[in-house]
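Examining the three-dimensional arrangement
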Amino acid sequence: MRPPFFALPLLLLFSFVATAQLNNPASDQSPVLAKFPFEESAPLKIIRETVPSKPFTVIGPRGAILGQQDGSFEAWIYPWKIFANLRITAEMQDYSVPIDVNDHSAVIEVRPDHTTITFAHANFTVREILFAPHNAPDGAGVLAFFEVEAVRPMTLTFQFIPEMKRMWPALSDDRCSPEWVKTPTGGFYVLHLNFPDHAAALEMPGAEPGIMAPYQERAKSYPTQFVLHFDPAHDANKLFPLLMATADAVADANTAQLATKLASLGHSLQSLYEETGKYYSDFLAQHLTIQTPDKEFDDAFLWAQVSIDQLKVQVTPGYQETALVAGFDGSGDSARPGFGWYFGRDSLWTLYAVNAYGDFQLTRDQLEFLLRRQTADGQIIHEWSQTAGIVDWKSLPYMLASSDATPLLLMAANDYLQVSGDVAFLNSHWDALAKAWQFECSHDSDGDGIYENIAGSGWVESWPPGMPHQEIYLAALDQQASAAFAKLASSTGHAQLAEDARKRSAHIAQQIEKEYFLPDANFYAFSRNADGTLDSSPTIYPAVADWDGTFKLTRAGAMLDRWASQEFSTDWGTRDLSPSVSFYDPISYHQGSVWPLFTGWVALSEYRSGRTLSGYSHLMQNADLTWAQDLGAVTELLSGQFYRWLGRSTSHQLWSSAMVVTPTVRGMFGLEWNAAENTLTVTPNLPAQWTEAKIMGVPLGQSHLGIEMRRNALALFIRLTGEGSNAVKLRTRAPGATTTNGELRIPLPAVEVGIDHRLPLAGSITSQLKVLEQQPSQRSLRLRLSAPAASHQSLFLRLNDPKAHLHIEGGEASPDSTHLEVKFPAGTGYVEKVVSISW
């Protein structure tokens, strides 16, 4: 029933800013800050000229600032969107042209703890410094301050759209009502809603309110503004903070309490800034780092860890839990900032990276978050909104929309066990783990012994031929989850369950080969229908079978060749679906776009299958995306046709960053853990260009180890360093390896080949070299290559034995023998060429 006209909120009839007077003592007001030194708290930064169309994200445990590189942004204090589209204008003394400051964005500097955008004009420089405090007080989450330099006095106007919307799907008032509260030293805005239990306050100390339309004016929307008068003679050594706070109870949502919150924030801003810097400095020092000849790759690896850590969000209300959200991006005029929810499968794929770099507390927090929300019959949730606690979440279709989180939780829990050796944690949650296992075993309607898509979708959430009955993606996870549960059960003394799980794992492996392999196509099918027929669409989803390293498809060679080719591999990542399929669409979500997630799956599968050149190419595509869009983060998905991310791609995506860490640690460096036996297995696949590499802070149980790798002629030597390393058993899967005095010696071939990496220019189509197949033997290397017709390609050539006499077919060595030059024949599109090197 529509309410009577007079019941509508007054704000719908008149747009105005109310004013009030707050007679607080001046000592309680937030100060204009004196400048303080901005210490370089972490040895990690990205500095670029701004590209206004590109986004940036500043994310912390209790809030986020999401903006564009022109310096405009929206602010969130979870779960509230406080305001949108903050922009700045300037009016200078004796200068009649008003200046849109955002049009003058010039430089963006991104650090783990803060982002700075510099606006440059002939008369002024303004720096917008944004951060999300790691230890924000209740009701706070993000802060900003502005540093101003100018030749002449000027007036800066900070204009924004007040929002006060809860994160979707919770309901919010249609509009909030701003009130200017005067104080003895200035004032602040309170953003009121229709009811008195929620409000936000914003203050820029020293600023005045902007347009304040009186009641008598016609109804019209005016911007909400802070107006700041800057005189370089008096204000040059000041910082101008923008303080934000929320209240979620009647007792806290009044102006007096909000003023107190703002004053406290103002007085603690410097310490909050410094504590956040120290947090990230300590974070980088305490977790796994790498040192290779490729410094930019080393930095991308660190940024991936930081990007994951920034997505730890404290659960409201109460802040009693911490869990990973799937990602953030600007929300536009909506109330959902990208994937700002907690996701089951996104976080569980990511925990393999978290375990590898050693943040055991985050893994425990994440697993416990999911187990607390486990259904009565054992299923693990797919999605949980930040506002799930204030809506009827279970009645909405999101919580159990996909069914893969259940096997993934068992896999991630076992991975945590292998790296940490923490049996006590498993024992404390054994009943929940066993319940998840029983749920997985009980969802098999056709009797083939494999988990099906009957408790939610598997991977795809839409599929033109119809939703699958059982995807190979889910079947491969079921196989690995069974093997994982066998280890979990064995480690906790449940011998019969362990044996049952091992048998189930072996049965599923056989069934996948029997049910999914397509002999005519020499490929594995995408899915199996209820009647036993197959959807033969060529996809990359069988790659997940290699994820844990415990299962391998036995006839995957031709499939791997195709994944490496231009059919699946663009120059910026891997498509999930072959363009040969009738419903292929390169800008769809599930039918042909490029996801760094898929690229990571394929890269690890290639490394585990000895396809190290293509694996390296795919890994580096993900790493290079660190600098492409949202600086320091990796985006969600890109077009399958042109090098460009989709407009709705979440720019700071959790598992995209994880797919820099996991293929590096477990693929390129080949690390495997067995904390129970104090054993570390290292089977590296170093690029031919590298002479050495170091890994610091490798977790193993309670220890943190170093690994040093160095080439010396025909051998790669590996040794462990650090306290307790002498007690660790060092192993490798490399053939012919020997150990002397605790140092591994892995024999190397006389000749190795390497490839370059670079992302193409925006808008490009795929045109780079692809390595479809590599077949090494004791005295030869055979490469099957693909490149555009009539192109000339150059590969790096390493001679580990300078005395080797090379015989090359299909190419030639450069005069200095440092490169392999290959000319491809004429033709159309991509053509193939085989190059054989013997010695």
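Since this is a predicted model, take the numbers as computed values, not measurements.

Cut-off values and rules
Residues numbered from 1 in each chain as written. Predicted model: local features only at pLDDT ≥ 70, side-chain atom pairs only at ≥ 80, totals over all residues. Heavy atoms only, no water. Helix = DSSP H or I, 4+ residues; strand = E, 2+ residues; numbered from the N terminus. Buried < 20%, exposed > 50% of the residue type's maximum accessible area, 1.4 Å probe, protein only. Contact = heavy atoms within 4.5 Å. Areas by Shrake-Rupley, 256 points an atom, 1.4 Å probe, with all protein chains shown as cover. Pairing = 2+ DSSP bridges. Axes fitted to C-alpha atoms, helices over the stretch in contact; angles between N-to-C directions. Phe/Tyr/Trp six-rings, centres within 6.5 Å; stacked < 30°, edge-to-face > 60°. Lys NZ or Arg CZ within 6 Å of the ring centre and 35° of its normal. Polar contact = N/O pair within 3.5 Å; in protein donor to acceptor, adjacent residues only side chain to side chain. Salt bridge = Lys/Arg side-chain N within 4 Å of Asp/Glu carboxyl O. Expected span 1.5 Å × (residues − 1). Parallel < 35°, antiparallel > 145°, perpendicular 65-115°, else oblique. Left-handed = near helix turned anticlockwise from the far one by under 90°. pLDDT = per-residue confidence, 0-100.

What about the overall build of the protein?
A tally of helices and strands in the protein yields 14 helices and 47 strands. C-alpha atoms of the protein, sized along the principal axes, occupy 85 × 65 × 55 Å. Among the 839 residues that make up the protein, the fraction classed as buried is 61%. For the protein, long-range pairs separated by at least 24 residues make up 67% of all intrachain contacts whose partners lie at least 6 apart in sequence. Accessible surface, the protein as shown: approximately 31300 Å² in total, 51% of it carbon and sulfur.

Overview of the sheet that holds strand β33 (residues 679–682)
In sheet architecture, strand pairing relies on hydrogen bonds along the backbone and comes in two forms, parallel and antiparallel. The sheet built from 3 strands is open, its strands ordered β32-β33-β37 with mixed pairing. Two strands bound the open sheet, and with one partner strand each, they are β32 (671–674) and β37 (729–731). Across this sheet, the average inter-strand angle for adjacent strands is 20°, counted without regard to direction. Two elements, β32 and β33, share 4 bridges in a ladder whose sense is antiparallel. Looking at the pairing, E672 lines up with T681 of β33.

Observations concerning the packing of aromatic side chains
Applying the stated criterion across every chain yields a total of 55 aromatic pairs. Ring centres of W463 and F583 lie 5.1 Å apart, and the angle between their planes is 80°; on these two criteria the pair is classed as edge-to-face. With W463 in the loop between α8 (430–441) and β26 (470–471) and F583 in the loop between α11 (557–564) and α12 (596–608), the pair connects residues that are 120 residues apart, well separated along the chain. The ring centre of W459 lies 4.2 Å from the NZ or CZ of R345, which sits over that ring.

Here we look at unusual backbone geometry
Y78 connects to P79 through a cis peptide bond whose omega is 0°. Relative to the helices and strands, P79 resides in the loop between β6 (73–77) and β7 (80–92). Cis geometry marks the peptide bond from T316 to P317; its omega dihedral reads -5°. When you line up the elements, P317 lands in the loop between β21 (312–314) and β22 (322–324).

Some details on the pairing of strand β34 (residues 692–700)
When strand β20 (residues 289–291) meets β34, the two strands line up antiparallel, connected through 3 bridges. Bridge assignment links I290 to a residue of β34, and that residue is I695. Two strands pair when backbone bridges link them, and β34 and strand β35 (residues 703–712) are joined in this way by 7 bridges, in the antiparallel orientation. Residue pairing for β35: A693 is matched across the bridge by M709.

Some points on the side chain of T183
Structurally, T183 can be placed in strand β14 (residues 177–183). In terms of polar contacts, T183 uses its side chain to reach the backbone amide nitrogen of G187, at 3.2 Å.

So, the sheet that holds strand β46 (residues 819–823)
Read from one edge to the other, the open sheet built from 4 strands follows the order β40-β43-β46-β45, with strand pairing classed as antiparallel. Among the strands making up the open sheet, the edge pair consists of β40 (751–754) and β45 (812–813). By the bridge criterion, 4 bridges tie β40 to strand β43 (residues 792–799) in an arrangement that is antiparallel. Counterpart to G754 in the pairing with β43 is F796.

With respect to the environment of L191
Looking at where L191 falls in the secondary structure, it is placed in strand β15 (residues 186–192). Note: C-alpha distance between L191 and W180 (11 residues apart in sequence) is 9.0 Å. In contact with L191, other than residues within four places in its own chain, are I82, P162, M164, C176, S177, P178, A199, A200 and L202.

Details of the pattern of salt bridges
One pass over the full model with this rule turns up 39 salt bridges. R345 is the partner of D404 in a salt bridge, and the nearest nitrogen-oxygen pair spans 3.0 Å. Taken together, the residues D404 in the loop between β25 (383–384) and α6 (405–420) and R345 in helix α4 (residues 344–357) connect sequence positions 59 residues apart. Of the two residues, D404 and R345, both sit in the buried class. A salt bridge links R611 to D561; the nearest nitrogen and oxygen atoms lie 2.5 Å apart. Of this pair, R611 sits in the loop between α12 and α13 (612–624) while D561 sits in helix α11, placing them 50 residues apart in sequence. Take R611 and D561: they sit in the same class, and that class is buried. One continuous salt-bridge network, built from bridges that share partners, spans D561, R611, E773, R782, R784 and E832.

As for helix α3 (residues 295–310)
With 16 residues, α3 ought to run about 22 Å at 1.5 Å a step, and its terminal C-alpha atoms sit 22 Å apart, in line with that. Burial of α3 is extensive: 14 of the 16 residues sit out of reach of the surface.

With respect to the packing of α6 against helix α9 (residues 472–491)
One way to put it is that α6 packs onto α9 with a least axis distance of 8 Å and a crossing angle of 45°. Regarding the angle of α6 to α9, the classification is oblique. Note that α6 runs across α9; the crossing there is left-handed. Across from P407, L408, L410, M411, A413, N414, L417 and Q418 in α6, the residues of α9 making contact are Y473, L477, Q480, A481, A484, F485, K487, L488 and S491.

So, the side chain of Q591
Among the structural elements, Q591 can be located in the loop between α11 and α12. When sequence neighbours within four positions are dropped, the list of residues in contact with Q591 reads S462, W463, P464, D576, L577, F583, Y584 and D585.

Focus: the packing of α4 against helix α5 (residues 360–372)
Geometrically, a packed helix pair is captured by the angle between its two axes and the distance between the axes. Contact geometry of α4 with α5 gives a least axis separation of 9 Å together with a crossing angle of 160°. It follows that α4 is roughly antiparallel to α5 by the angle criterion. When you trace α4 past α5, the crossing you get is left-handed. Contact residues: G344, S347, L348, L351, V354, N355 and Y357 in α4; F360, L362, T363, Q366, L367 and L370 in α5.

Topic: the confidence of the model for the protein
The predicted coordinates of low-pLDDT regions are not to be read in fine detail. Confidence in the prediction for the protein averages 94 pLDDT; 96% of positions are at 70 or higher. Below a pLDDT of 50 lies the segment residues 1–18, which in the model reaches 30 contacts outside its immediate sequence neighbourhood of four places, other chains included. Note on residues 23–27: pLDDT is under 50 here. Beyond four places in sequence and across chains, it has 5 contacts.

Details of the environment of R644
Relative to the helices and strands, R644 resides in the loop between α13 and β31 (652–653). Not counting chain neighbours up to four residues away, the residues in contact with R644 comprise S53, L638, S639 and A762.

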